[in-house]
Amino acid sequence: MAEQQEQQGAAAAPNPDDALGYEHARDALLDVVRQLENGGTSLEESLALWERGEQLAKVCQRWLDGARARLDAALAAEEGGAPGGE
């Protein structure tokens, strides 16, 4: 029961990666990829690196999705505000 409460508490805790900027998350992801490509790590270390890479990739994707949404909104506003349908 205590283990289940710990897992629920960890799930409810804010993710510190959410505060990362895109460039920082991307650079950290590149470091993870380099470490995995270089090898020489144990299976456990490799799995931890892979999990970290997945987290960082999600952070990067959220930033890219947000940027795409902002661009789409700006383009839609520009098209909607053009006089004469130009």
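Please refer to the structure higher up on the page.
Given the structure is predicted, the values throughout are model-derived calculations rather than measurements.

A. Seen up close, the pattern of salt bridges. In this structure the tally under the stated criterion is 3 salt bridges. Of the charged contacts, one joins R34 and D31 as a salt bridge, the two residues approaching to 3.0 Å between their closest N and O atoms. Taken together, the residues R34 and D31, both in helix 2 (residues 22-38) and 3 residues apart, mark about one turn of the helix. A relative accessible area of 45% means that R34 is categorised as partly exposed. For D31, a relative accessible area of 39% gives the class partly exposed. A salt bridge links R68 to D72; the shortest N-O distance between them is 3.6 Å. Taken together, the residues span about one helical turn, with R68 and D72 both in helix 3 (residues 43-80) at a distance of 4 residues. Using a relative accessible area of 38% as the deciding quantity, one classes D72 as partly exposed.

B. Examining helix 2 more closely. With 17 residues, helix 2 extends 24 Å from end C-alpha to end C-alpha; this agrees with the ideal 24 Å at 1.5 Å per step. If you check which residues of helix 2 are buried, you get A25, A28 and V32. Axial view of helix 2: buried residues confined to an arc of 65 degrees, hence all on one face. Exposed residues pointing more than 90 degrees away from the buried face of helix 2 are listed as E37 and N38. For helix 2, the elements touching its buried residues are helix 3. Once helix 2 ends, the next one or two residues include G39, with phi positive near 70 degrees.

Conventions and cut-offs
- Residues numbered from 1 in each chain as written.
- Predicted model: local features only at pLDDT ≥ 70, side-chain atom pairs only at ≥ 80, totals over all residues.
- Heavy atoms only, no water.
- Salt bridge = Lys/Arg side-chain N within 4 Å of Asp/Glu carboxyl O.
- Helix = DSSP H or I, 4+ residues; strand = E, 2+ residues; numbered from the N terminus.
- Buried < 20%, exposed > 50% of the residue type's maximum accessible area, 1.4 Å probe, protein only.
- Expected span 1.5 Å × (residues − 1).
- Arc of directions from axis to C-beta.
- Contact = heavy atoms within 4.5 Å.

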